[in-house]
Amino acid sequence: MKRRGFTHSCLALVILVIPLASCGGVRFSSPAASIRDADRKFDAAEAFLLRADKGTEQGTRREQVARKKALYDDALDAYRAIIKAEPAGEYAQRSLWQITEIHRRRYEWDVVVENYSAIIDLAPSSYYGDRAKSGISDMRKYRGLIEEKRRRYQNYSALYAQDNEQENYDIAAQALFDVADSYEQLGDYPEAIAHYQRMVEEFSEHEKAPVALTKIGEINCYKLYDYQGGWYVSNKLIEMYPDTYDATKAVRLLKETSRHLEEIALNQAEIKPYQSRKAMEYEEDGRKILRSESYCVYYVDNTVQCYQFIARRWEDLGNYPGAIVAYRRLVDELPHKRFAVADARYQIGRLYQLTGQLDQAIDAYQDLFDNHPESTWCAEAIYQQAVCYREIREFAKAYAGFKAYVSLSLDVKFYREAQRIIAQFEMDEDGDGYKFYVEQEAGTSDQDRTDYPGAKS
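Before going into details, it helps to say that this report is about the structure given with it. Computed from a predicted structure; not experimentally measured.

Cut-offs applied
- Residues numbered from 1 in each chain as written.
- Predicted model: local features only at pLDDT ≥ 70, side-chain atom pairs only at ≥ 80, totals over all residues.
- Heavy atoms only, no water.
- Helix = DSSP H or I, 4+ residues; strand = E, 2+ residues; numbered from the N terminus.
- Buried < 20%, exposed > 50% of the residue type's maximum accessible area, 1.4 Å probe, protein only.
- Phe/Tyr/Trp six-rings, centres within 6.5 Å; stacked < 30°, edge-to-face > 60°.
- Lys NZ or Arg CZ within 6 Å of the ring centre and 35° of its normal.
- Expected span 1.5 Å × (residues − 1).
- Arc of directions from axis to C-beta.
- Contact = heavy atoms within 4.5 Å.
- Salt bridge = Lys/Arg side-chain N within 4 Å of Asp/Glu carboxyl O.
- Core = buried A, V, L, I, M, F, W, Y, C linked by side-chain atoms within 4.5 Å.
- Axes fitted to C-alpha atoms, helices over the stretch in contact; angles between N-to-C directions.
- Parallel < 35°, antiparallel > 145°, perpendicular 65-115°, else oblique.
- Left-handed = near helix turned anticlockwise from the far one by under 90°.

1. Details of the overall build of the protein
Okay, so step 1: The secondary structure content of the protein amounts to 20 helices and zero strands.
Okay, so step 2: A buried classification covers 48% of the 457 residues belonging to the protein.

2. Here we look at the packing of aromatic side chains
Each pair of aromatic rings is reported with the distance of its centres and the angle of its planes.
Okay, so step 1: One pass over the structure, following the stated rule, counts 22 aromatic pairs.
Okay, so step 2: Ring centres of Tyr383 and Phe402 lie 5.7 Å apart, and the angle between their planes is 65°; on these two criteria the pair is classed as edge-to-face. Of this pair, Tyr383 sits in helix H17 (residues 378–391) while Phe402 sits in helix H18 (residues 395–406), and the two are 19 residues apart along the sequence. Neither residue differs from the other here; Tyr383 and Phe402 are each classed as buried.
Okay, so step 3: The rings of Tyr383, Phe395, Tyr399, Phe402, Tyr405, Phe414, Phe425, Phe436 and Tyr437 are connected pair by pair, giving a single aromatic cluster.
Okay, so step 4: Here the guanidinium or amino end of Lys208 rests over the ring plane of Phe177, the centre of that ring lying 4.5 Å away.
Okay, so step 5: Between Arg313 and the ring centre of Phe309, over which it is positioned, the NZ or CZ distance is 4.5 Å.

3. Some remarks on helix H10 (residues 227–240)
Okay, so step 1: Between its first and last C-alpha, H10 extends 20 Å over 14 residues, near the 20 Å set by a 1.5 Å rise per residue.
Okay, so step 2: Considered for burial, the residues of H10 that qualify are Tyr227, Gly229, Gly230, Val233, Ser234 and Leu237. Relative to the axis of H10, the buried residues are bounded by an arc of 155° and lie together on one face. Residues of H10 that are exposed and point more than 90 degrees away from the buried face comprise Tyr232 and Glu239.
Okay, so step 3: Structurally, H10 contributes buried residues whose contacts are with helix H9 (209–223), helix H11 (245–271) and helix H13 (300–316).

4. Here's the deal with the pattern of salt bridges
Okay, so step 1: Going through the model one piece at a time under the given rule, you end up with 28 salt bridges.
Okay, so step 2: Residue Arg36 pairs with Asp363 through a salt bridge whose shortest N-O separation is 4.0 Å. Linking Arg36 in helix H2 (residues 31–47) with Asp363 in helix H16 (residues 358–371), this pair joins segments that are 327 residues apart in sequence.
Okay, so step 3: Accessibility expressed as a relative area gives 28% for Arg36, which makes it partly exposed.
Okay, so step 4: With relative accessibility at 14%, the residue Asp363 sits in the buried group.
Okay, so step 5: A salt bridge links Lys403 to Glu426, with the nearest nitrogen and oxygen atoms 3.8 Å apart. Here the residue Lys403 occupies a position in helix H18, and Glu426 occupies one in the loop between helix H19 (415–425) and helix H20 (436–442), the gap between them amounting to 23 residues.
Okay, so step 6: Connected through shared salt-bridge partners, Arg36, Asp39, Arg94, Asp363 and Asp367 make up one network.

5. What about the nonpolar core?
Okay, so step 1: In this structure, Tyr79, Trp314, Phe402 and Phe425 are the most contacted members of the largest nonpolar core, which totals 120 residues.
Okay, so step 2: Counting residues per element, this core draws most heavily on helix H7 (residues 166–186), at ten residues.
Okay, so step 3: Beyond its immediate sequence surroundings of up to four residues, Phe402 is in contact with Tyr383, Ala386, Val387, Ala418, Ile421, Ile422 and Phe425.

6. Looking at the environment of Val325
Okay, so step 1: Looking at where Val325 falls in the secondary structure, it is placed in helix H14 (residues 320–333).
Okay, so step 2: Sequence-distant contacts of Val325, defined by excluding residues within four places in its chain, comprise Asp43, Ala44 and Ala47.

7. Overview of unusual backbone geometry
Okay, so step 1: Even without glycine at this site, Asn164 takes up a positive phi of about 60°.
Okay, so step 2: Take Asn164: it is sitting in the loop between helix H6 (127–163) and H7.
Okay, so step 3: Residue class for Asn164 comes out exposed when judged on its relative accessible area of 56%.
Okay, so step 4: Positive phi, close to 70°, is recorded for Arg393, a residue that is not glycine.
Okay, so step 5: Mapping Arg393 onto the fold places it in the loop between H17 and H18.
Okay, so step 6: Owing to a relative accessible area of 39%, Arg393 belongs among the partly exposed residues under this scheme.

8. Some details on the packing of H13 against H14
Okay, so step 1: Put simply, H13 and H14 touch, their axes get as near as 7 Å, and they point 165° apart. Classified by the angle their axes make, H13 and H14 are roughly antiparallel. Crossing geometry of H13 relative to H14 is assigned as left-handed. Residues Val304, Tyr307, Gln308, Ile310, Ala311, Arg312, Trp314 and Glu315 of H13 pack against Tyr320, Gly322, Ala323, Ala326, Tyr327, Arg329, Leu330 and Glu333 of H14.

9. Section: the packing of H7 against helix H8 (residues 189–202)
Okay, so step 1: Interhelical geometry of H7 versus H8 gives an angle of 165° and a closest axis separation of 7 Å. By the angle class used here, H7 and H8 are roughly antiparallel. The chirality of how H7 crosses H8 is left-handed. For the pair H7 and H8, contact is made by Tyr169, Ala173, Leu176, Phe177, Val179, Ala180, Asp181, Tyr183 and Glu184 and by Tyr189, Glu191, Ala192, His195, Tyr196, Arg198, Met199 and Glu202, respectively.

10. Quick word on the side chain of Arg313
Okay, so step 1: Here Arg313 is to be found in helix H13.
Okay, so step 2: Overall, Arg313 belongs to the buried group, its relative accessible area being 15%.
Okay, so step 3: Apart from the residues lying within four places of it in its own chain, the contact partners of Arg313 are His260, Glu263 and Ile264.

Right, here's the structure in full:
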């Protein structure tokens, strides 16, 4: 079954699960432009940092949380508008998935389950259908583990309170750590942090206590991008457990994040003086200017280098949304610097692919082909786009991509691997005249001669 598009009989279910927002009179030039605009808004929300400290800057922190929520709301409205405009369209299922991702980040688990169920009902054999099935399976698994380990923690905590036996202490501590770990695997980071913290408070002498603090620091820095929170916990870890391996890791985390963030801030500050004052005045007066006129001509190369440096540092920090946004700024603000822009488009595709956003990666690689066919990155992008198509089960497009890649040269990086994949795609094990990739595209078996495209229609 094709992954794209919905059947009309299922539209009522989508409307029930996803309350559709008004478009507010906004018009998009095309469905493709709509989804890219929505993805940009999602990326902007993902990359927005909460910089204020929870303890000492509560007012500023609340303002930043509200701003981040508003950015996610903008993305929600954009995705909902896509579904409303074309409920059976090419991008409806992708939009529903992205809506679900936003609800996951808000820990609205009942809505997440409803959306997963809607995706499965609409397209059970699709790429997103399978991901939704895995999502529901994981939620059941980790919720079950949470209940099991919580009971274990409660039972052995009670036993330890009675007899002070070390074995009961260790079992209870490990069980509470496992509860926190299951919340982390589920993606419920506030609950994970709370339970790791509880484990440290109740079992401070246990060997997993410093590990729990390490986990809190890593969640803050690498999942929530809350560096203030990560630094606070890392300092606490160093203070409480100075002679442990985890304290060594905390020192390294503090040094690396501090250095990278300082370097990012310096480069962001360096860009500002490069902006053309005349262009800024024109914009303030409501006059249109070319993006290439936004920066003083003598400092354009410096600006390019700053954006590239910022993106690389965000990637070093594991903050891939921040890196994507930085590369996109380079593309938008300096389109005439074609070599740098081509590189940025490739890096955007690579980062999307690295984070499992395969539809977005495909679009980014296509942007590279459409705008920079001369780029040295195109060969590898052709291969990687084909890999993405294979992963989302668009096998015909994947086959065409791998064929295009091997036709370039015998010296391309993944030539042998692409040849191996092509050979597999061209097999016809059941001898029914349909190649493997055709059967995969149709959802039929290459092991059964009676099961072939069109046989059951």
